[in-house]
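If you want the building blocks of each chain, they are given just below.
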Amino acid sequence: MSNVPQPPTAGAPEGQPAYQAPPAGYQAPAAGYQAPPAGYQPPAYPAGPGYAAAPTSVPGKGLSIAGLILAFLAPLALIGLILSIVGRVQAKKAGAPTGIATAGIIVSIVVMVFTAIIFVVAGASFVALFSQCAELGQGVHQVGGITVSCG
């Protein structure tokens, strides 16, 4: 007799199922990996708990970006300020970050202040020039090494 253990022929121990012989024509699988048969589809697993879809757009983001861009253009800085304020309010209501809108507000204010300073200085220069021409009269004059042409 061989040393290969044989299945019990008598009843199985208590609590275990009795041994059943494999059906006729059964072949044991060969050792190693076997590719699945052609057309095999893996079992479908249920979808796990997913994440909520990310919002496609943040409220006020477009206005904030447009406001920041316009803030750098001196003639349009006021429009940039308004768009940035509206974008910040919308983003704050939605609980979204307001950094871009805040940057647009700050840049708009700074650009408008510098623009106002430039207009005041340029205006004062023109006023000084015209008042000087009123005093000197028409013609070309030398004032402090600068040639002034009044006409």
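For every chain, the first residue of its written sequence is number 1, and the numbers climb from 1 along that sequence. For a predicted model such as this one, the threshold for reporting local features is a pLDDT of at least 70, and the threshold for listing and counting side-chain atom pairs is 80 or more; totals across whole chains, interfaces and linings nevertheless cover every residue. Heavy atoms from the whole structure form the basis of all side-chain values; hydrogens and water molecules are not counted.

For helices, the fitted line uses only the C-alpha atoms of the stretch in contact; every axis is such a line through C-alpha atoms, and the angle between N-to-C directions lies from 0 to 180 degrees. Strands are runs of DSSP state E lasting at least two residues, helices are runs of H or I lasting at least four, and both sets are numbered from the N terminus onward. Running from amino to carboxyl end, helix 2 (residues 77-94) crosses helix 3 (residues 99-136) at an angle of 155 degrees, the nearest separation of the two axes being 8 Å. Classed by the angle they form, the pair helix 2 and helix 3 counts as roughly antiparallel. Remark: the crossing between helix 2 and helix 3 carries left-handed chirality. Contacts between helix 2 and helix 3 involve Ala77, Leu78, Gly80, Leu81, Ser84, Ile85, Gly87 and Arg88 from the former and Ala101, Thr102, Gly104, Ile105, Ser108, Ile109, Val111 and Met112 from the latter. Between 65 and 115 degrees an angle is taken as roughly perpendicular, under 35 as roughly parallel, over 145 as roughly antiparallel, and anywhere else as oblique. For any pair of crossing helices, the crossing counts as left-handed if the nearer helix is rotated counterclockwise from the farther one by less than a right angle, and right-handed if it is rotated clockwise. Throughout, a contact is declared for two residues whenever any of their heavy atoms are within 4.5 Å.

Once that is clear, we can look at a nonpolar patch on the surface. A patch consists of residues whose relative accessible area exceeds 30% and which take part in no salt bridge; residues with like charges are grouped when within 9 Å of each other, and nonpolar side chains (Val, Leu, Ile, Met, Phe, Trp, Tyr) when within 5 Å. Here the open area of atoms and residues is found with the Shrake-Rupley method and a 1.4 Å probe, where only the protein chains shown may cover a residue. For salt bridges, the criterion is a side-chain nitrogen of Lys or Arg within 4 Å of an Asp or Glu carboxyl oxygen. Taken together, the side chains of Ile106, Ile109, Val110, Val113, Phe114, Ile117 and Val121 define a hydrophobic patch exposed on the protein surface, amounting to about 630 Å² of accessible area. With respect to the element layout, valine 121 can be found in helix 3. Three labels apply to residues, based on accessible area from a 1.4 Å probe with only protein chains included: buried if under 20% of the type maximum, exposed if over 50%, partly exposed otherwise in between. For valine 121, a relative accessible area of 51% corresponds to the exposed category.

This part is about the environment of proline 97. Take proline 97: it is sitting in the loop between helix 2 and helix 3. For proline 97, a relative accessible area of 72% gives the class exposed. C-alpha separation for the pair proline 97 and valine 58, spaced 39 residues apart in sequence, amounts to 8.9 Å.

A separate point is helix 2. Helical periodicity: at 3.6 residues per turn, an α-helix aligns residues three or four positions apart in one direction. Between its first and last C-alpha atoms helix 2 spans 26 Å; for 18 residues at 1.5 Å apiece the expected length is 26 Å, and the two agree. Buried within helix 2 we find Ala77, Gly80, Leu81, Ser84, Gly87 and Ala91. All buried residues of helix 2 fall inside an arc of 135 degrees around its axis, so they share one side. Where helix 2 terminates, the next one or two residues include glycine 95, which has phi positive at roughly 75 degrees. Here a helix's expected span is defined as the number of its residues, less one, multiplied by 1.5 Å. Note that the arc is defined by the directions from the helix axis to the C-beta atoms.

Now for helix 3. With 38 residues, helix 3 should reach 56 Å at 1.5 Å per residue; the first-to-last C-alpha distance of 55 Å fits that figure. When we look at burial in helix 3, the residues that qualify are Ala101, Gly104, Ile105, Val107, Ser108, Val111, Thr115 and Cys133. Along its buried surface, helix 3 packs onto helix 1 (61-71), helix 2 and strand 2 (146-150). Phi for glycine 137, located one or two positions after helix 3, is positive at around 90 degrees.

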